[in-house]
Amino acid sequence: MTSTADLTPHGNYADYVTGAPVADTAAPDGPIAERWDRRRFEAKLVNPANRRKHTIIVVGTGLAGGAAGATLAEQGYHVEQFCYQDSPRRAHSIAAQGGINAAKNYRNDGDSVHRLFYDTVKGGDFRARESNVHRLAQISVEIIDQCVAQGVPFAREYGGLLDTRSFGGVQVSRTFYARGQTGQQLLLGAYQALSRQIAAGSVAMHPRTEMLDVIVVDGRARGIVARDLITGKIDTYFADAVVLATGGYGNVFYLSTNAMNSNATAVWRAHRRGAYFANPCFT
Ligand SMILES: Cc1cc2nc3c(=O)[nH]c(=O)nc-3n(C[C@H](O)[C@H](O)[C@H](O)COP(=O)(O)OP(=O)(O)OC[C@H]3O[C@@H](n4cnc5c(N)ncnc54)[C@H](O)[C@@H]3O)c2cc1C
């Protein structure tokens, strides 16, 4: 057990309690196809000159956390980023193989945002959260361009155009891939973008550091407690917002292709602090 006297605070909590923008993270309502566009339009923007006054904690450096940290830092925020591996590029995203689905309709075989939405909801046995799936289908189109700009070497046809294949039993060819190592190539792209921000001083990277708990103030996550896995030292970190991008939790099952550390501990700790937890059958 560690007493609170042993905890070293990074930053002063009082610096973060006023003036921070509040993100509305609840799912928006209205017609499914318009929900997230409307939310994005109605969200209060933060003046670019003010962004550097705000710190955001990102836990995780996989495709979710790596991309989030790099993007937030590129926009001007200060990011404190954490992972338990020795390098951000060892996150378990590296294991993904088959490819990434996007409704680009390059093949003109009848694909659309709505069809990708429908196939994904159906593939999830009609149990997925539909407005989130629709958003995923919408932004799939932009994700491919972003990855290509980051240098991800997607497979190409002889003429140089991006290649696609049919994947997961669907009737259209919409999966963009890089041989059998799409996750590794995507993670290298995200890692490069993150490394650029680390070198620029916008991201402070904390590898080999495990989040132990979430600090909640007035119902909002405002910091984390973390342990240095080399020295065992436990520290606290404060921020205006906390992003948990800590991956899947396959190892709640006896057999899983996830790494042993993909074990749900971060998600569980957030749940104990009041975060909602749903659909653990989806891994
Ligand atoms: C074998 C395999 C094949 C796959 N193939 C595909 C595919 O073809 N197409 C597809 O779309 N998806 C595929 N997936 C799924 C996809 O790879 C994952 O859903 C995705 O990569 C998860 O990314 P992530 O950033 O959420 O998590 P991860 O990449 O797992 O990253 C989690 C991060 O959180 C950090 N972390 C976790 N807990 C803590 C903690 N307590 N403290 C500090 N840091 C913590 C870790 O250090 C890590 O950096 C596949 C998955 C596997 C295993």
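Positions within a chain are numbered from 1, following the residues in the order the chain's sequence is written. Only residues with pLDDT of 70 or above have their local features reported here, since the model is predicted, and side-chain atom pairs are shown and tallied only from 80 upward, although totals for entire chains, interfaces and linings are computed over all residues. The side-chain quantities take in all heavy atoms of the structure and omit both hydrogens and water.

### As for the environment of Y177
(1) Moving on: Position of Y177 relative to the elements: it lies in the loop between β5 (175-176) and α6 (182-200).
(2) Moving on: The buried category is assigned to Y177, whose relative accessible area is 13%.
(3) Moving on: As a C-alpha pair, Y177 and Q97 span 80 residues in sequence and 8.2 Å in three-dimensional space.
(4) Moving on: For this analysis, residues touch if any pair of their heavy atoms sits within 4.5 Å. Excluding its chain neighbours within four sequence positions, the residues that come into contact with Y177 are G98, G99, F154, A155, D163, T164, R165 and T182.
(5) Moving on: Polar side-chain contacts of Y177 include one of 2.7 Å to the side chain of D163. Numbering of helices and strands runs from the N terminus; a helix is a DSSP stretch of H or I covering at least four residues, while a strand is a stretch of E covering at least two. Summary of the burial criterion: residues with accessible area below 20% of their type's maximum are buried, those above 50% are exposed, and those between are partly exposed, where the area comes from a 1.4 Å probe applied to protein chains only. Under this definition, polar contacts are N or O atom pairs within 3.5 Å; protein pairs additionally need one hydrogen-donor-capable and one acceptor-capable atom, and for neighbouring residues in sequence, both atoms have to be side-chain atoms.

### Details of the packing of aromatic side chains
(1) Moving on: Each Phe, Tyr or Trp ring, with Trp reduced to its six-membered ring, pairs with another whose centre is within 6.5 Å; inter-plane angles below 30 degrees give stacked pairs, above 60 give edge-to-face pairs, and intermediate values give tilted ones. Summed over the entire model, instances satisfying the criterion amount to four aromatic pairs.
(2) Moving on: With a centroid separation of 5.9 Å and 80° between ring planes, the pair formed by Y106 and F176 is classed as edge-to-face. With a gap of 70 residues between them, Y106 in the loop between β4 (100-101) and α4 (113-123) and F176 in strand β5 connect regions that are remote in the sequence.
(3) Moving on: We classify F176 as buried; its relative accessible area is 1%.
(4) Moving on: On the basis of an interplanar angle of 85° and a centroid distance of 6.4 Å, the ring pair of W268 and F277 is categorised as edge-to-face.
(5) Moving on: Taking the relative accessible area as the measure of exposure, F277 reaches 32% and is therefore partly exposed.
(6) Moving on: Taken together through their ring pairs, the aromatic side chains of Y106, F154 and F176 make up a single cluster.
(7) Moving on: Ring-over charges, as used throughout, are those where CZ of Arg or NZ of Lys falls within 6 Å of the ring centre and within 35 degrees of the ring normal. Over the aromatic face of W36 sits the side chain of R135, whose NZ or CZ is 4.4 Å from the ring centroid.

### A few points about the site of the ligand
(1) Moving on: Any residue with at least one heavy atom within 4 Å of a molecule or strand is counted as near it. If you check the shell around the ligand, you find 26 residues, and the closest are Q85, S93, G98, G99 and M211.
(2) Moving on: A64 is positioned such that a nitrogen or oxygen atom in its backbone is 3.0 Å from an oxygen atom of the ligand.
(3) Moving on: For the ligand, a nitrogen atom lies 2.7 Å from a polar atom in the backbone of M211.
(4) Moving on: The set of elements that each furnish at least two residues to the shell around the ligand consists of α3 (63-75) and β7 (209-217).
(5) Moving on: Among the elements that make up the shell around the ligand, the one with the highest residue count is β7 (three residues).
(6) Moving on: Polar here means any residue other than Ala, Val, Leu, Ile, Met, Phe, Trp, Tyr, Cys and Pro, which are nonpolar, and Asp, Glu, Lys and Arg, which are charged; Gly is therefore polar. Taken together, the residues that form the shell around the ligand break down as eleven nonpolar, 14 polar and one charged.

### Examining the sheet that holds strand β2 (residues 55-59)
Sheet strands pair via backbone hydrogen bonds, and the direction of the pair is either parallel or antiparallel.
(1) Moving on: Strand order in this open sheet of four strands is β6-β3-β2-β10, and the pairing throughout is parallel. Bordering the open sheet on either side are β6 (203-206) and β10 (241-244), each of which pairs with just one other strand. Each strand axis lies, on average, 15° off the axis of its neighbour in the sheet, ignoring direction.
(2) Moving on: In terms of strand pairing, β2 meets β10 through four bridges, oriented parallel. Paired with I57 across the bridge in β10 is V242.
(3) Moving on: The axes are straight lines fitted to the C-alpha atoms, using for helices just the contacting stretch, and the angles between their N-to-C directions are given from 0 to 180°. Taken strand by strand, α3 contacts β2, β3 (78-82) and β6, and its axis lies near 160° from that of β3. Strands are treated as partners if at least two bridges between them are detected by DSSP.

### With respect to the domain arrangement of the protein chain
(1) Moving on: Bear in mind that the domain bounds are from an automatic or database domain assignment. Domain annotation for the protein chain reports domain 1 (4-92 + 189-272) and domain 2 (98-180).
(2) Moving on: If you average the C-alpha positions of domain 1 and of domain 2, the two centres end up 26 Å apart.
(3) Moving on: Counting residues at the interface gives ten residues for domain 1 and nine residues for domain 2.
(4) Moving on: Together domain 1 and domain 2 conceal approximately 920 Å² of surface at their shared face, both sides included; 52% is due to carbon and sulfur atoms.
(5) Moving on: Here the quantity called buried area is the accessible surface, traced with a 1.4 Å probe, that two parts lose on coming together, added over both. Of all residues in domain 1, I32, W36 and R40 give up the largest surface area on contact with domain 2, accounting jointly for 52% of the area buried on that side.
(6) Moving on: Salt bridges are defined by distance alone: a side-chain nitrogen of Lys or Arg within 4 Å of a carboxyl oxygen of Asp or Glu. Viewed at the interface, domain 2 and domain 1 are joined by zero salt bridges.
(7) Moving on: Taken together, the elements giving at least two residues each to the side of domain 1 that touches domain 2 come down to α1 (35-42) and α6.

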